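# Structural overview for review
Chain residues, written in single-letter form:
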Amino acid sequence: MTSVFEEKNISKAIMRVGLPAMLGQLTTLIYNIADTFFVSLTKEPATIAAVTLCAPILLIIMSIACIFGMRGSSVIARLLGEEKRRNLAQP
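So, a few notes on the structure that sits alongside this text. (Residues numbered from 1 in each chain as written. Predicted model: local features only at pLDDT ≥ 70, side-chain atom pairs only at ≥ 80, totals over all residues. Heavy atoms only, no water.)

Along the backbone of the protein chain there are 3 helices and 0 strands. Shown N-terminal to C-terminal, the secondary structure of the protein chain runs as helices and strands in the order α-α-α. A buried classification covers 8% of the 91 residues belonging to the protein chain. When the accessible surface of the protein chain is summed, it comes to about 7,600 Å², and 70% of that surface belongs to carbon and sulfur atoms. (Helix = DSSP H or I, 4+ residues; strand = E, 2+ residues; numbered from the N terminus. Buried < 20%, exposed > 50% of the residue type's maximum accessible area, 1.4 Å probe, protein only. Areas by Shrake-Rupley, 256 points an atom, 1.4 Å probe, with all protein chains shown as cover.)

Structure representation (structure tokens):
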């Protein structure tokens, strides 16, 4: 992965690294749309509203998870760069 940032310009490197994250969120949104469609076949307003209201909550949870994942990978990358492998096992 270091070769991506060393050999390519910044915008191409960010697209190469960020594209899987974007595709993951897009897949989740498509899955939610499919859920909404099949739940709407029941013609029950409460169930349709429940699926619709859960979509933003799910996206917020996914965003928080991405933030923690990015922070963790940043800390690990900095510790590996400083060759402090002992600190990786400690919180």
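Tallied over the full model, the rule gives 1 aromatic pair. For the ring pair Phe-37 and Phe-38, a centre distance of 5.1 Å and an interplane angle of 70° mean the geometry is edge-to-face. Its relative accessible area of 48% is what places Phe-37 among the partly exposed residues. (Phe/Tyr/Trp six-rings, centres within 6.5 Å; stacked < 30°, edge-to-face > 60°.)

Another aspect to go through is a nonpolar patch on the surface. Taken together, the side chains of Met-15, Leu-19, Met-22, Leu-23, Leu-26 and Ile-30 present a nonpolar region at the surface, about 560 Å² in accessible area. Within the secondary structure, Ile-30 sits in helix 2 (residues 10-40). (Patch = residues over 30% accessible without salt bridge, like charges linked within 9 Å, V, L, I, M, F, W, Y side chains within 5 Å. Salt bridge = Lys/Arg side-chain N within 4 Å of Asp/Glu carboxyl O.)

With respect to the helices and strands, Asn-32 occurs in helix 2. Non-local contacts of Asn-32, meaning those with residues more than four positions away in its chain, are made with Val-51 and Ala-55. (Contact = heavy atoms within 4.5 Å.)

With 31 residues, helix 2 should reach 45 Å at 1.5 Å per residue; the first-to-last C-alpha distance of 44 Å fits that figure. Along helix 2, the sharpest change in direction is near 40° and occurs at Gly-18; proline Pro-20 comes one to four residues later. (Expected span 1.5 Å × (residues − 1). Bend = angle between axes of the 7 residues up to and from the residue.)

This part is about the packing of helix 2 against helix 3 (residues 45-81). At their nearest, the axes of helix 2 and helix 3 sit 9 Å apart, and the two run at 165° to each other. As the angle between them shows, helix 2 and helix 3 are arranged roughly antiparallel. Relative to helix 3, the crossing made by helix 2 is right-handed. Between helix 2 and helix 3, the contacting residues are Gln-25, Thr-28, Leu-29, Asn-32, Asp-35, Thr-36, Val-39 and Ser-40 on the first element and Thr-47, Ile-48, Val-51, Thr-52, Ala-55, Leu-58, Leu-59, Met-62, Ser-63 and Cys-66 on the second. Across the contact of helix 2 with helix 3, the residue classes break down as 9 nonpolar, 8 polar and 1 charged. (Axes fitted to C-alpha atoms, helices over the stretch in contact; angles between N-to-C directions. Parallel < 35°, antiparallel > 145°, perpendicular 65-115°, else oblique. Left-handed = near helix turned anticlockwise from the far one by under 90°. Nonpolar A, V, L, I, M, F, W, Y, C, P; charged D, E, K, R; others polar.)

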